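Take a look at the letters that make up each chain.
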Amino acid sequence: MGDSQPWTAAPSAAEHARSVLAAAWSCAVTAEGGREEFVGAHTVTEDGRVTLDVPEDSTLVAAAICAPRGEPSAVLEFADVAPVPVRSRIRARLWIAGWFVPADGKLEFKATRVVLRRPSGAVVVDLEEFAAAAPDPLATAEARLLTHLADCHPDAVERLTRLVDSDSLHGAVRVQPLAVDRHGLTLRIERARAHGDVRLPFHAPADDVARLTERMHVLLTQASAASCPRALQRQRTDRDG
């Protein structure tokens, strides 16, 4: 999508759910036979259907064969974990209910319900919207991008706090990049006993890493032109003293 196209300041629930699914490396499955954790065992089609490659002796295989067709009999759970160490690293959880169908030595999952839980609460995602939505174009690169920003450019992170309202920085002891998508960057502001998140929207969507670099440069230019928040000045003075 070109820069002149209309866009929203945050991904929809369906887009967020598809992004969690696209970036997840592990999957927890709760079925009649119990709960199993699988790492690197699932694949996702363009319309969001999940296929699981499990060992032949997995209880899921027997459960899939014996379960009544068309009746929900399993729940897949995917966790969206912040790549940068912060408090409360689980940013979201995605649950997909449905049933398994054995096919070509694998288990295809037929979804009947999709639920996304974010800090703001849980939302049921429409199945058609979920299938039609595309993951955020930065979803699979986000972990690398955020860890690079936190580890190699902490000065840039501190500079970006100049774009944050001073009230939000009151009592801050650490600021870390929490999330990034095509619409903006989210900072985690940690205090002694609490934390909060602040979103810095981009002026236009970043549909690839090259555009993300340009959007970040714009934010940093804006931050350089802003004054340092008083709360952060006090924090820095206390630390130096």
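It should be noted that the structure appears before, not after, this text.
Description of the structure in this document. Just so it is clear, the model here is predicted, and its values are computed rather than measured.

1. With respect to the overall build of the chain
The helix and strand tally for the chain stands at seven helices and 11 strands. The buried share of the chain, taken over its 241 residues, is 42%. Restricting the contact set of the chain to residue pairs at least 6 apart, pairs at least 24 apart contribute 54%.

2. With respect to the side chain of Arg91
Following the sequence through the fold, Arg91 ends up in strand β6 (residues 90–103). A distance of 2.8 Å separates the side chain of Arg91 from the backbone oxygen of Leu178, its partner in a polar contact. Ignoring sequence-local partners within four residues, the contact set of Arg91 consists of Asp80, Val81, Ala82, Pro83, Arg117, Arg118, Pro119, Glu142, Leu146, Leu178 and Ala179.

3. As for helix α1 (residues 13–23)
The element α1 is largely enclosed, with a buried count of eight among its 11 residues. Buried within α1 we find Ala13, Ala14, His16, Ala17, Arg18, Ser19, Val20 and Leu21.

4. Focus on the sheet that holds strand β11 (residues 195–201)
Taken together, the three strands give an open sheet; going across it, the order is β9-β10-β11, and neighbouring strands pair in antiparallel fashion. The outermost strands of the open sheet, each flanked by one partner alone, are β9 (172–181) and β11. Adjacent strand axes in the sheet meet at a mean angle of 25°, parallel and antiparallel pairs treated alike. Sheet topology places strand β10 (residues 184–191) next to β11; seven bridges connect them, and they run antiparallel. Bridging from a neighbouring strand, Ile189 pairs with Gly196 of β11. Of the strands in this sheet, β9 and β10 are in contact with helix α4 (residues 142–152), which crosses β9 at around 150°.

5. Quick look at the pattern of salt bridges
Applying the stated criterion to the full structure yields 13 salt bridges. One salt bridge connects Arg91 with Asp80, and the closest N-O pair in it is separated by 2.7 Å. On the criterion of sequence distance, the pair formed by Arg91 in strand β6 and Asp80 in strand β5 (residues 74–81) is long-range, its members being 11 residues apart. On the basis of relative accessible area, Arg91 is assigned to the buried category, the value being 12%. Put simply, Arg188 and Asp197 hold a salt bridge, and the shortest N to O gap is 2.4 Å. You can call Arg188 buried: its relative accessible area is 5%. Counted as one network, the salt bridges with shared partners bring together Arg35, Glu37, Glu77 and Arg93.

6. Quick look at the pairing of strand β8 (residues 121–125)
Pairing analysis gives five bridges linking strand β7 (residues 106–118) to β8, with the strands arranged antiparallel. Considered in β8, the bridge of Leu116 is made with Val123. Between β7 and β8, which pair antiparallel and follow one another directly, the connecting turn spans two residues.

7. Focus on the environment of Ala62
Mapped onto the fold, Ala62 is located in helix α2 (residues 59–66). C-alpha of Ala62 to C-alpha of Pro102: the two residues are 40 residues apart in sequence and 9.8 Å apart in space.

8. Some details on unusual backbone geometry
In this structure, Ser88 takes a positive phi of about 50° despite not being glycine. If you trace the backbone, Ser88 turns up in the loop between β5 and β6. On the basis of relative accessible area, Ser88 is assigned to the partly exposed category, the value being 47%. Residue Asp104 is not a glycine yet carries a positive backbone phi of 55°. Turning to its location among the elements, Asp104 is positioned in the loop between β6 and β7.

9. Considering the packing of aromatic side chains
In this structure the tally under the stated criterion is one aromatic pair. Centroid distance Phe100 to Phe109: 4.8 Å. Interplanar angle 65°. Geometry classified as edge-to-face. On the accessibility criterion, Phe100 (5% relative accessible area) is buried. You can call Phe109 buried: its relative accessible area is 4%. One residue, Arg18, lies across the ring of Phe130, its end atom 5.6 Å from the ring centre.

Rules of the game
- Within each chain, residues carry numbers counting from 1 in the order of the written sequence.
- Predicted model: local features are reported for residues with pLDDT of at least 70 only, side-chain atom pairs are reported and counted for 80 or more only, and whole-chain, interface and lining totals are derived from all residues.
- To obtain the side-chain values, all non-hydrogen atoms of the structure were used and water was disregarded.
- Strands here are runs of E lasting at least two residues and helices are runs of H or I lasting at least four, both read from the DSSP assignment and numbered beginning at the N terminus.
- Relative accessibility decides the category of a residue: with a 1.4 Å probe and only protein chains considered, values under 20% of the type maximum give buried, values over 50% give exposed, and everything between is partly exposed.
- Residues count as neighbours in contact if any of their non-hydrogen atoms are within 4.5 Å of one another.
- Distance and chemistry together define a polar contact, namely a pair of N or O atoms within 3.5 Å, with one atom able to donate a hydrogen and the other to accept it when in protein, and with adjacent residues in sequence counting only for side-chain atoms on both sides.
- We treat two strands as partners when DSSP finds at least two bridges between them.
- Helix axes are fitted only over the stretch in contact, all axes being lines through C-alpha atoms; the angle between N-to-C directions runs from 0 to 180 degrees.
- One side-chain nitrogen of Lys or Arg within 4 Å of one carboxyl oxygen of Asp or Glu is enough to make a salt bridge.
- Pairing of aromatic rings covers Phe, Tyr and Trp, the last counted by its six-membered ring, and requires centre-to-centre distances within 6.5 Å; plane angles under 30 degrees mean stacked, over 60 mean edge-to-face, and any other angle means tilted.
- Charge-over-ring contacts are defined here by two conditions on Lys NZ or Arg CZ: a distance within 6 Å of the ring centre and an angle within 35 degrees of the ring normal.

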